[in-house]
Amino acid sequence: MDKLAEIMAHKRREIEPRLRPVRERDLVRFAEVKRPGPSFAQALDQPGRLGVIAEIKRRSPSAGEIKAGADAVEQARRYTNAGADCISVLTDEKYFGGTLRDLWDVVEFEITTGRHIPCLRKDFMVHPLQIIEAAEAGARAILIIVRALNDEDIKLLYASAQLAGLDALFEIHEERELERALRHGARLIGVNNRNLATFKTDLTFSEQIIPQIPSSAFAVSESGIHSPEDAARVRAAGARAILVGEALMKTEDPEKLLKELSEAQ
């Protein structure tokens, strides 16, 4: 069993005790609430530079401990002050050291400051209940990992996100996954430079796949971006935004690094 399959199997076991039927009206009520600030997709679209999704990630299967014990709100404060366009909050506990409470706390912080930076619930989505949880916490987007799901699962999760008024970031790693994402009408497509089977990272994946993403979809390059040179490579390939976790978690000066990444040419 590869790592992604292991994680998905664990996730299904983890949420099983709290599963319940999710009705359409349970989702629609979130879309009916007018939220201040831009949507996740709107915030990422930054003409003239790369949009930046700054990720709160304490650890990962590939990197091990990144910033053990990091306070999610303090990290969100650093990202907000640094000028992040969006914030990704890992809510998987077993493999990434995050919690759903982190998402609640970060969203509450953004509301309190009046900045309203849109947040992504970064987790391994398998059931519409997780979308309700994300919307309840105030997330503006959820993740759909194409490789980990069959077409019926993708259809259900995407429809549920749309009903709840949430954007969906479709994560892909190879051409056939791009084809599947496009068949489902994906408008936000993230190319993960990390192979989720082996957890090895290579920016070549973005350079190969992003040029094939049609202009009707918004291309994001994810993982393995540590320097302005990395950001420039994926921007040259056609990325309009980047998702950066480990480098921003570790740096002492997130404002400087974030500015350099977003303006990389």
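Parameters at a glance
Residues numbered from 1 in each chain as written. Predicted model: local features only at pLDDT ≥ 70, side-chain atom pairs only at ≥ 80, totals over all residues. Heavy atoms only, no water. Axes fitted to C-alpha atoms, helices over the stretch in contact; angles between N-to-C directions. Helix = DSSP H or I, 4+ residues; strand = E, 2+ residues; numbered from the N terminus. Parallel < 35°, antiparallel > 145°, perpendicular 65-115°, else oblique. Left-handed = near helix turned anticlockwise from the far one by under 90°. Contact = heavy atoms within 4.5 Å. Buried < 20%, exposed > 50% of the residue type's maximum accessible area, 1.4 Å probe, protein only. Pairing = 2+ DSSP bridges. Right-handed = clockwise from strand over helix to strand, strands pointing away. Core = buried A, V, L, I, M, F, W, Y, C linked by side-chain atoms within 4.5 Å. Salt bridge = Lys/Arg side-chain N within 4 Å of Asp/Glu carboxyl O.

Colleague: What exactly am I supposed to notice about the packing of helix α4 (residues 72–82) against helix α5 (residues 100–113) here?
Modeller: Geometry of a packed helix pair, given as the angle between the helix axes and the separation of the axes. Packing of α4 against α5 brings their axes to within 9 Å, and their N-to-C directions diverge by 40°. Between α4 and α5, the angle is such that the two are oblique. The interaxial crossing formed by α4 with α5 has right-handed handedness. Contacts between α4 and α5 involve Ala72, Val73, Ala76, Arg77 and Thr80 on the former and, on the latter, Asp102, Asp105, Val106, Phe109 and Glu110.

Colleague: Explain the pairing of strand β6 (residues 141–145) here, please?
Modeller: Along any regular strand, the residues point their side chains to alternate faces of the sheet. Counting buried residues in β6 gives five out of five residues, a clear majority hidden from the surface. Taken together, the two bridges between strand β5 (residues 119–122) and β6 define a ladder with parallel strand orientation. In the strand pairing of β6, leucine 120 is matched with alanine 141. The parallel pair β5 and β6, bridged by helix α6 (residues 128–137), forms a crossover whose chirality is right-handed. Across five bridges, the pairing between β6 and strand β7 (residues 167–172) is parallel. Paired with isoleucine 145 across the bridge in β7 is glutamate 171. Handedness of the crossover is the feature at issue here: the chain leaves β6, passes through helix α7 (residues 151–163), returns alongside β7, and the resulting connection is right-handed.

Colleague: Where do I start with the sheet that holds β5 in this structure?
Modeller: Across a sheet, strands are paired by hydrogen bonds formed along the backbone, either parallel or antiparallel in direction. Strand order in the closed barrel made by the eight strands is β1-β4-β5-β6-β7-β8-β9-β10, with parallel pairing throughout. Across the sheet, the mean angle separating the axes of adjacent strands is 25° when strand polarity is ignored. Bridging between strand β4 (residues 86–90) and β5 involves four bridges; their strand directions are parallel. Counted as the bridge partner of valine 89 is arginine 121 from β5.

Colleague: Sorry if this is basic, but what is going on with the nonpolar core here?
Modeller: Soluble globular proteins tend to bury their nonpolar side chains together. By size, the foremost hydrophobic cluster in this structure holds 92 residues, and its most contacted members are Leu44, Ile87, Ile131, Ile142, Ile144, Phe170 and Ile242. Beyond its immediate chain neighbours, meaning those up to four positions away, isoleucine 87 contacts Ile53, Ala54, Ile56, Ala76, Tyr79, Thr80, Val106, Glu110, Ile117, Pro118, Cys119 and Leu120.

Colleague: Can you walk me through the environment of arginine 12 in this structure?
Modeller: Looking at the element boundaries, arginine 12 is found in helix α1 (residues 3–15). In this structure the C-alpha to C-alpha distance between arginine 12 and aspartate 167, which are 155 residues apart in sequence, comes to 22 Å. Here arginine 12 is in contact with Val126, Ala148, Leu149 and Asp153, once residues within four sequence places are set aside.

Colleague: I would appreciate a short explanation of the pattern of salt bridges in the present structure.
Modeller: A side chain of one charge can pair with a side chain of the opposite charge if their charged atoms are brought near each other. Per the counting criterion, the structure on display carries 24 salt bridges. The partner of aspartate 26 in a salt bridge is arginine 23, and the shortest N-O contact between them spans 3.2 Å. Under the relative-accessibility criterion, aspartate 26 is labelled buried at 11%. For the salt bridge of arginine 240 with aspartate 45, the shortest nitrogen-to-oxygen distance reads 3.1 Å. Remark: aspartate 45 occurs in the loop between α3 (40–44) and β1 (51–56) and arginine 240 occurs in the loop between α10 (228–237) and β10 (241–244); sequence separation between them is 195 residues. Note on arginine 240: relative accessible area 34%, which makes it partly exposed. For aspartate 45, a relative accessible area of 37% gives the class partly exposed. A single network of salt bridges, built from pairs that share partners, joins Lys11, Glu14, Arg18, Asp92, Arg121, Asp123 and Glu133.

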